[in-house]
Amino acid sequence: MSSIEEIDTDETYISDVINSKKNDDIDDIITATTIAQKKMENSIFEKLSSTENGYLIEKKKILNFLSNGIERIPMSHQSLDSSKVWISFWILNGMDMLDSLDSYPSISSRTSKYLSILQNDDNSSNSRDNNQGGGGFGGGNSHTSHVVSTFAAVSALYVIGTEESYKTIDRESMYIFLMRMKTKEGAFTSEDGGEYDSRTTYCAIAVASMLNILTPELVRGVADFLLSCQTYEGGFGAYPFNEAHGGYTFCSVAALSILNCLHKIDMNSLHRWITFRQSNDGGFEGRTNKLVDTCYSYWQGAVYIIIQSYFNYYKKQEEEGNGKDQQQEGLLFNQSKLQEYVIRFCQQSDKKYSGFSDHPSRGKDYYHTCYGLSGISLSQYNEIGKTIQSLNTFTNTFEQPSPPLTKNSANTFIISNNNNNNNNNNNNNNNNNNNNNNNNNNNNNNNNNNNNNNNNNNNNNNNKEQLVEPVHPIYNIKLSKCEKGLKYFYSLNSINSK
Ligand SMILES: [Zn+2]
């Protein structure tokens, strides 16, 4: 996500943009966003004409960047002291998506020990009047419990995936905390006396789901609140009558998927809204007429997968009953262009380190590195909607729905070295679904012609190395870690009587 301070409003640049308007290059109305968009497109064209930026994920350098970050927060990140749990998650999950976390056992163990001191005791006896802040995790040392920090901490401990990390979580105390955060509207507040929205509600529901404490008492009324956040545009806002936004849309749709309420969404409206969020650059924008941004590769990308899963599975019986052909599986966005945006335009490398930025020509950070890799993963594993039934059998307190999952597929998508063919060799299953995007991409393909020769040599031998691990679209954790964690918390059934 971008802030207004990041937008360059240099006067010379503005006059250049206004002059270019005479050539009908941009919309009639000049805004800070259209100017920033133009500048970003220019950065992309520069990268397209450069021989330096190929399609290779610089795994070694990314691991250098991430593993170095767990040792100390760099000066540029020290204002994020209260988000140390998030930084832990971004780094650990990035390393895990590159299938390398297990090579750093000391990092996992130390992080697990650190996170263990951030969960507060709950001594409030489930009373809203007693603001002890207990039960959940704080964002940093001695911080009171916060639902969003709790989600990050539980996710990080799931990613670590060891007995030591699982035992860190006190589920009894967590359940009391989450119940105390619940509002009469069916949402969850961020902390005692804090704000509530679809983001905090997703975090609470996702934590309860991961820890197998998703009781009927906890979820009562939650779906109605989330459904009320869908806007006239089709996406979801933070709360009712807010603007549709990619982050809040993910939170609402993912939580409704956990609650098995996807069928209550105005799905056609949501589908229409999100279809227009992929730009010609290949990246996703978070809101209508906003800049694309690497982090939405996950926030929006996961929603595409959940929608596709809904179409493929929740409608399957109806189609079979009517004698219709089943819909073809595949993703609803252009996977090739998304990966190109993240890897080719937003990968920022120097001699030793590499990572992803939000926009081209910007600095890398842990947040966008994590969510860039997540978006790449969602693009690379396209046999979706194949419910992994075993996940359901791990739960017994509440009948959990079947989360839509990406699955390691024989048709794994990788970026081809031949853009002129729209990656047909590797991507047959997806082309039919990408028709809407192909027209938009013609211009980009022409621009890529000059670069194909430069990349041929690199890509032939490195395609397999460019794969990242498949992640769960709802929890954004490697599938194998999801299964391991759900199995472990199934075995701890002391909360079943709730
Ligand atoms: Zn972002």
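Overview of the structure. Remember, predicted model here, so these are calculated numbers, not experimental data. (Residues numbered from 1 in each chain as written. Predicted model: local features only at pLDDT ≥ 70, side-chain atom pairs only at ≥ 80, totals over all residues. Heavy atoms only, no water.)

### Topic: the overall build of the protein chain
Along the protein chain, the regular secondary structure elements total 21 helices and two strands. The burial tally for the protein chain puts 58% of its 498 residues in the buried class. For the protein chain, contacts bridging at least 24 residues in sequence account for 72% of all contacts bridging at least 6. In the structure as shown, the protein chain presents an accessible area of about 20,700 Å², 43% of it carried by carbon and sulfur atoms. (Helix = DSSP H or I, 4+ residues; strand = E, 2+ residues; numbered from the N terminus. Buried < 20%, exposed > 50% of the residue type's maximum accessible area, 1.4 Å probe, protein only. Contact = heavy atoms within 4.5 Å. Areas by Shrake-Rupley, 256 points an atom, 1.4 Å probe, with all protein chains shown as cover.)

### A word on the packing of helix H3 (residues 59–71) against helix H4 (residues 84–97)
Relative orientation and spacing of two packed helices are given, respectively, by the angle between their axes and the distance between those axes. Relative to each other, H3 and H4 sit at 145°, their axes nearing to 9 Å. Note that H3 runs across H4; the crossing there is left-handed. Each of Leu 63, Leu 66, Ser 67, Gly 69 and Ile 70 in H3 lies in contact with H4, whose residues at this interface are Ser 88, Ile 91, Gly 94 and Met 95. Within the contact of H3 with H4, the residues separate by chemical class into five nonpolar, four polar and no charged. (Axes fitted to C-alpha atoms, helices over the stretch in contact; angles between N-to-C directions. Left-handed = near helix turned anticlockwise from the far one by under 90°. Nonpolar A, V, L, I, M, F, W, Y, C, P; charged D, E, K, R; others polar.)

### Focus on the packing of helix H5 (residues 105–116) against helix H6 (residues 147–160)
For the pair H5 and H6, interaxial distance at closest approach is 10 Å and the crossing angle is 150°. As judged from the angle between their axes, H5 and H6 are roughly antiparallel. Judged by the sense of rotation from one axis to the other, the crossing of H5 with H6 is left-handed. For the pair H5 and H6, contact is made by Ser 108, Thr 111, Ser 112 and Leu 115 and by Ala 153, Ala 156, Leu 157 and Ile 160, respectively. Tallied by class, residues from the contact of H5 with H6 come to five nonpolar, three polar and no charged. (Parallel < 35°, antiparallel > 145°, perpendicular 65-115°, else oblique.)

### A look at the pattern of salt bridges
For the structure shown, the criterion picks out 15 salt bridges. Ionic pairing is found between Arg 180 and Asp 192, a salt bridge with its closest N-O pair at 3.0 Å. Of this pair, Arg 180 sits in helix H8 (residues 171–181) while Asp 192 is found in the loop between H8 and helix H9 (198–210), placing the two residues 12 residues apart along the sequence. We classify Asp 192 as partly exposed; its relative accessible area is 22%. The partner of Glu 243 in a salt bridge is Arg 287, and the shortest N-O contact between them spans 3.2 Å. Here the residue Glu 243 occupies a position in the loop between helix H11 (222–227) and helix H12 (246–258), and Arg 287 occupies one in the loop between helix H13 (267–275) and helix H14 (296–314), the gap between them amounting to 44 residues. (Salt bridge = Lys/Arg side-chain N within 4 Å of Asp/Glu carboxyl O.)

### A short note on the side chain of Ser 112
Mapped onto the elements, Ser 112 comes out in helix H5. Each residue touching Ser 112, except ones within four places of it in the same chain, is listed here: Leu 157, Ile 160, Glu 164, Ser 165 and Thr 168.

### Considering the environment of Thr 162
Looking at where Thr 162 falls in the secondary structure, it is placed in the loop between H6 and helix H7 (163–167). Thr 162 gets classed as partly exposed once you look at its relative accessible area, which sits at 30%. Remark: the alpha-carbon pair of Thr 162 and Ser 112, spanning 50 residues in sequence, is separated by 9.0 Å.

### Here we look at unusual backbone geometry
Phi angles above zero are rare outside glycine, and Phe 241 is one such case at about 75°. Along the chain, Phe 241 turns up in the loop between H11 and H12. Overall, Phe 241 belongs to the exposed group, its relative accessible area being 84%. The phi angle at Ser 361 is positive, at roughly 65°, despite the residue not being glycine. Its place among the elements puts Ser 361 in the loop between strand S2 (354–356) and helix H17 (366–380).

### Some words on H13
Structural remark: α-helix, 3.6 residues per turn; residues separated by three or four positions point the same way. Restricting attention to buried positions, one finds in H13 the residues Met 267, Ser 269, Leu 270, Trp 273 and Ile 274. On an axial view of H13, the arc spanned by its buried residues comes to 160°, and they lie on one face. (Arc of directions from axis to C-beta.)

### Points about the environment of Val 147
Here Val 147 lies in helix H6. C-alpha separation for the pair Val 147 and Gly 136, spaced 11 residues apart in sequence, amounts to 6.8 Å. Each residue touching Val 147, except ones within four places of it in the same chain, is listed here: Phe 177, Met 181, Thr 189, Ser 190, Thr 200, Cys 203 and Ala 204.

### Some points on the packing of aromatic side chains
This model, assessed by the stated rule, comprises 23 aromatic pairs. For the pair Tyr 158 and Tyr 166, a centre-to-centre distance of 6.3 Å together with 70° between the ring planes defines the contact as edge-to-face. Given the relative accessible area of 1%, Tyr 158 is considered buried. When the centroid spacing of 5.3 Å and the interplanar angle of 55° are considered together, the rings of Phe 250 and Trp 299 count as tilted. Taken together, the residues Phe 250 in helix H12 and Trp 299 in helix H14 connect sequence positions 49 residues apart. Neither Phe 250 nor Trp 299 differs from the other in exposure class; each is buried. Grouping aromatic residues by their ring pairs yields a cluster made of Trp 86, Phe 89, Trp 90, Phe 151, Tyr 202, Phe 250, Tyr 298, Trp 299, Tyr 367 and Tyr 371. Sitting over the face of the ring of Phe 65, Lys 364 holds its NZ or CZ atom 5.5 Å from the ring centroid. (Phe/Tyr/Trp six-rings, centres within 6.5 Å; stacked < 30°, edge-to-face > 60°. Lys NZ or Arg CZ within 6 Å of the ring centre and 35° of its normal.)

### Quick notes on the environment of Phe 89
Here Phe 89 lies in helix H4. Phe 89 gets classed as buried once you look at its relative accessible area, which sits at 2%. Each C-alpha atom of the pair Phe 89 and Ala 153 lies 7.1 Å from the other, and the pair is 64 residues apart in sequence. With near-sequence residues (within four places) excluded, Phe 89 lies in contact with Gly 94, Ala 152, Ser 155, Ala 156, Val 159, Cys 370, Tyr 371, Asn 476 and Ile 477.

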